[in-house]
Amino acid sequence: MKTLLVAEFREGKLRVKYSQLLAFAKELPTEASMFLVGSTSDLPQFDGTLYLADVAKYGEYNPTVHKQLLLDVIAKEQPDRIVFHHSSYGWDLAPRIAVALKAAQISEVMALADGEPVVPVCNAKLRRKIKSQTARTVLTLQAGAFGMEEDPVGTPTVVPIDTEACKKVECKGYEAARIEGVDLTKSEIIVSAGRGVGKPENIAMVQALAKALGGEYGGSRPVVDAGWVEHDRQVGTTGRTVTPKLYVACGISGAIQHLAGMKKSDFIVAINTDKDAPIGEVADVFVVADLKQFLPILTEKLQSR
Amino acid sequence: MNILICIKQVPDMESKFKINNEGSWYDRADLAWRMNEYDEYAVEQAVRLKEQVGDADLTVLCIGPDQVKETMKKALAMGCDRGVHVADNDAYQREPIEIASMIADFAKTKNFDIIFTGMQSQDRGSAQVGVMVAELLGIPAITTIVGFAFENGAVQVKRELEGGGKALVNTTTPVLLTCQLGLNTPRYPTLPNIMKAKKKELLTIAPDLSGLGARQETTAFYFPERKGGGIVLEGELPELAEKLIHLLKEKTGVLA
């Protein structure tokens, strides 16, 4: 079996998470090679073939051109699997490859069971194990699902690649993440609000509990998008990744994007009416309660200690 | 402008799910259904574009059994002009490429300037369908947009990246855009608009199922095992609060 791993490059740098691709390949009996539109100045640590296109020539985000570069490598390398990150780069490029190859695409692989990929369904409340029925399979890997204990080592054998394909869209540049206000990454105690708070007025209960515990308050994506909690307090893949001593998730169901931003906290308390909520997978204590009734009681007891 | 918005009907994610008899998907009985959240942003962006340019026709498309028409009515009440219901009772078990083929088959002769879709569905969550539609039609696709502007035929979008940064991308029409949460604030349909929507065209068509074929097979469908070690507290609230405070004292240093 042969596996082609698709690494990423952004804002002049190799994305270090390529080690997750290597960790995935390690779980399979496979020979792995790598594809990258990047630069010889920042190469992945890996003993194998690296098909490298020059990012200065082809751009960091350029779907039609990257697709052609990758298809050319696939034609030459003949891999059984083409593996991407499930990321803004991977979920954009992978379906283009699957369509071109008429291959099965399996998205957001979180584990392998009996050698078959397992993916989440319904906001990670359910799991589906899938068998590909095509000769080649395109896979995208959930962020953080496959990891290596140690940093990868090695030196790739670089094979330069080129294409004549033209681009259809133009990437004009990047806008940096907003960094202002509170820095939750420095907080030791965080109390976060999720959709379960119900209405903006109830954010005050979450703030009150945060204050009683001597910490900061935060929010999951839906409450930030709704404008109930400020942007700089968003916890998750597109917000802050936090590792406090105590994380209290109030009415947060536990979407993967949120879990990725807080699951390494030392101690996690979830307060939720839905016992099946995926937040239960990472919670040290799961309080089955309606936060609107529970938070005021908890806050009062903490204040009167 | 001729605009297509593709939406999906999904169960409320807070539902109590059960597994179907075949062990291949969730049981569709006794669930509350709604518009896929990502698609609400797609509908809203299309309606705003029509408000901006004036001359635009918005077609909303949905694949599924008869019940999806309820969700389509919401899109019509939000401001879409007409609905196309692609009748398919098996849609729930179709793969992304099959759904994409059905949409592309409908769209290929209609010359849509912009196609809006959600970036993924809340249930299957493959994030494949939109890009595949564009590939089958041979038009550009830009995924995960959180910003959109249209001026003099040029499309400018912001793509969301990991870590909160954004990529600024320009293109021209025709183009397919997949919409991420936070792109806009989807409106609630007003009562007069709900009444008006009842009179809008909602056409049901039969899909061409020839040429569709499975590329993958579900070999198991199950609830995840709860990770051991987590303590579940249930009961009277004041007692729960005492127990939780006790646990925090015992297991963390934060209440010292």
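The rules behind the values
- Residues numbered from 1 in each chain as written.
- Chains lettered and ligands numbered in written order.
- Predicted model: local features only at pLDDT ≥ 70, side-chain atom pairs only at ≥ 80, totals over all residues.
- Helix = DSSP H or I, 4+ residues; strand = E, 2+ residues; numbered from the N terminus.
- Contact = placed C-beta atoms within 7 Å.
- Domains from an automatic or database assignment.
- Nonpolar A, V, L, I, M, F, W, Y, C, P; charged D, E, K, R; others polar.
- Buried ≥ 20, exposed ≤ 12 C-beta atoms within 10 Å, placed from the backbone.
- Pairing = 2+ DSSP bridges.
- Axes fitted to C-alpha atoms, helices over the stretch in contact; angles between N-to-C directions.
- Parallel < 35°, antiparallel > 145°, perpendicular 65-115°, else oblique.
- Left-handed = near helix turned anticlockwise from the far one by under 90°.

Visitor: Quick question: what am I supposed to make of the environment of Thr238(A) here?
Guide: Turning to its location among the elements, Thr238(A) is positioned in the loop between α6 (221-225) and β16 (246-250). Thr238(A) sits 23 residues away from Gly261(A) along the chain, and the two C-alpha atoms are 8.5 Å apart. Excluding anything up to four places from it in sequence, Thr238(A) contacts Arg221(A), Gln257(A), Glu160(B), Glu162(B) and Gly164(B).

Visitor: Would you explain the domain arrangement of chain A in this entry?
Guide: Buried accessible area, meaning the area lost when the parts come together, often serves as the stated size of an interface. Residue and element names in this part refer to chain A. With domains assigned, chain A is organised as domain 1 (2-160) and domain 2 (184-303). Here domain 1 and domain 2 have C-alpha centroids that lie 33 Å from each other. Facing seven residues of domain 1, the contacting portion of domain 2 comprises eight residues. Residue classes in the side of domain 1 that touches domain 2 are distributed as three nonpolar, three polar and one charged.

Visitor: Explain unusual backbone geometry to me, please; I cannot follow it from the model alone.
Guide: Note: most peptide bonds trans; most residues except glycine with negative phi. Cis geometry marks the peptide bond from Thr173(B) to Pro174(B); its omega dihedral reads 0°. Of note, Pro174(B) is situated in the loop between β9 (166-172) and β10 (175-179). Phi angles above zero are rare outside glycine, and Lys102(A) is one such case at about 55°. Among the secondary structure elements, Lys102(A) is positioned in the loop between α4 (90-101) and β7 (104-109). Since 12 C-beta atoms lie within 10 Å of it, Lys102(A) is described here as exposed. For Asp30(B), which is not glycine, the phi dihedral falls at a positive 55°. For Asp30(B), a count of 9 C-beta atoms within 10 Å corresponds to the exposed category.

Visitor: Any chance you could explain the sheet that holds strand β13 (residues 231-233) of chain B here in plain terms?
Guide: Pairing between the strands of a sheet is mediated by backbone hydrogen bonds and can be parallel or antiparallel. Here six strands make up an open sheet; going across it, the order is β15(A)-β14(A)-β16(A)-β17(A)-β18(A)-β13(B) and the pairing parallel. The sheet terminates laterally at β15 (216-219) of chain A together with β13 of chain B, the two strands that pair on one side only. The sheet shows a mean angle of 20° between the axes of neighbouring strands, direction not considered. Relative to β13(B), strand β18 (residues 285-288) of chain A runs parallel, the two sharing three bridges.

Visitor: Looking at this structure, how should I read the interface of chain A and chain B?
Guide: Of the residues lining the interface, 69 residues belong to chain A; the matching set on chain B comes to 66 residues. With seven residues, strand β10 (residues 126-132) of chain A is the single largest residue contributor to the side of chain A that touches chain B. Residue composition of the side of chain A that touches chain B, grouped by class: 31 nonpolar, 15 polar and 23 charged. Bridge count for β10(A) against strand β12 (residues 216-222) of chain B is six bridges, and the pairing is antiparallel. Across the sheet, Lys131(A) pairs through a bridge with Glu217(B), a residue of β12(B).

Visitor: Explanation requested: the packing of helix α3 (residues 63-77) of chain A against α4(A) in the structure shown.
Guide: Two numbers describe a pair of packed helices, the interaxial angle and the distance between the axes. All names here are of chain A. At a minimum axis distance of 10 Å, the contact between α3 and α4 shows a crossing angle of 50°. Here α3 is positioned oblique relative to α4, judged by the angle of their axes. Crossing angle aside, the handedness with which α3 passes α4 is right-handed. On α4, the residues touching Pro63, His66, Lys67, Leu70, Leu71 and Ile74 of α3 are Asp92, Leu93, Arg96, Ile97, Ala100 and Leu101. Per-class residue counts for the contact of α3 with α4 are eight nonpolar, one polar and three charged.

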